[in-house]
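# Observations on the three-dimensional arrangement
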Amino acid sequence: CELLLASKTENGYHLDIIGGTKDISFGQVLDRVGVFLGYDFPAGAALDRIALSAGEESKVLKKIPLSGLFVNLSGIDTQCRRAVSLSEDEKEGQGVVDAVIRELFTRIAEALAKLTEEAIKETGIRKILFSGGVACSESIRRHLDEMLRGKSAEIAFGTPLMSQDNAVGTALLGVMAYGNEAGSGFSG
């Protein structure tokens, strides 16, 4: 996952990577945990439904630490899989597993909100767009909207259908670049 600073140029945008994940992506965490629990790959949508319907969240996962505008996620992945393994071993039932999943989504949203707040402080940006697979999560969208409300920034989310993977955005940028080179005037 990347935190990009986009600046408008004559031919599109100039993008600088200013933050993101250093090891695995947020989506990989969800897929790894979901597959570990027996859900089909990709597992994010199934886990999102569980996070939305679970009652209480567990209190077993640590917050995802930031290092500047970067995060490492392998730790939360390990914590989550360990927590659901222990609950299954102790026959505590699906309710405990669901509570861990709900907490996982909260921890991801907290990390994204903190990254956003730090990026605002560091760059002065005021318009933030969340896109990609994890940005499709209704649970994460709700959390981010709540956590970032009133933070003097305008946040937006890509439509879920267009956020499922980055191919749509990459294709659009390619068409825009080609259109500008070919003189067709296509601008998206």
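Look up a bit, the structure's there.
These numbers come from a predicted model, not from an experiment.

Within the largest apolar cluster, 39 residues are counted, with the highest numbers of intra-cluster contacts made by Phe26, Ile64, Leu73, Ile101, Leu104, Ile108 and Ile140. The element that contributes the greatest number of residues to this core is helix 4 (residues 94–123), accounting for 13 residues. Not counting chain neighbours up to four residues away, the residues in contact with Ile64 comprise Phe26, Val71, Asn72, Leu73, Ile76, Arg107, Ile108 and Ala111.

Residue placement: Glu57 occurs in the loop between helix 2 (44–53) and strand 3 (66–67). Buried and without a salt bridge, Glu57 has Lys59 as its closest oppositely charged side chain, separated by 4.1 Å. Within polar-contact distance, the side chain of Glu57 engages the side chain of Thr106 at 2.7 Å. Not counting residues within four places of it along the chain, the set of residues in contact with Glu57 comprises Ala99, Arg102, Glu103 and Thr106.

Applying the stated rule across the entire model yields one aromatic pair. Ring plane angle 25 degrees and centroid distance 5.3 Å describe the contact between Phe130 and Phe157, whose orientation is recorded as stacked. With Phe130 in strand 5 (residues 127–130) and Phe157 in strand 6 (residues 154–157), this pair connects stretches of sequence that are 27 residues apart. For Arg81, the ring lying beneath its charged end belongs to Phe36, and the centroid distance is 5.9 Å.

The next point concerns the sheet that holds strand 4 (residues 70–71). Hydrogen bonds along the backbone pair up the strands of a sheet, which may run parallel or antiparallel. Overall, mixed pairing links the four strands, which are arranged 1-2-4-3 in an open sheet. Every interior strand has two partners, whereas the edge strands, strand 1 (2–9) and strand 3, have only one. When strand 1 meets strand 2 (residues 12–21), the two strands line up antiparallel, connected through eight bridges. Counted as the bridge partner of Lys8 is Tyr13 from strand 2.

Here is what the cut-offs are and how they apply
Residues numbered from 1 in each chain as written. Predicted model: local features only at pLDDT ≥ 70, side-chain atom pairs only at ≥ 80, totals over all residues. Heavy atoms only, no water. Core = buried A, V, L, I, M, F, W, Y, C linked by side-chain atoms within 4.5 Å. Buried < 20%, exposed > 50% of the residue type's maximum accessible area, 1.4 Å probe, protein only. Helix = DSSP H or I, 4+ residues; strand = E, 2+ residues; numbered from the N terminus. Contact = heavy atoms within 4.5 Å. Lys, Arg positive; Asp, Glu negative; His and termini not counted. Salt bridge = Lys/Arg side-chain N within 4 Å of Asp/Glu carboxyl O. Polar contact = N/O pair within 3.5 Å; in protein donor to acceptor, adjacent residues only side chain to side chain. Phe/Tyr/Trp six-rings, centres within 6.5 Å; stacked < 30°, edge-to-face > 60°. Lys NZ or Arg CZ within 6 Å of the ring centre and 35° of its normal. Pairing = 2+ DSSP bridges.

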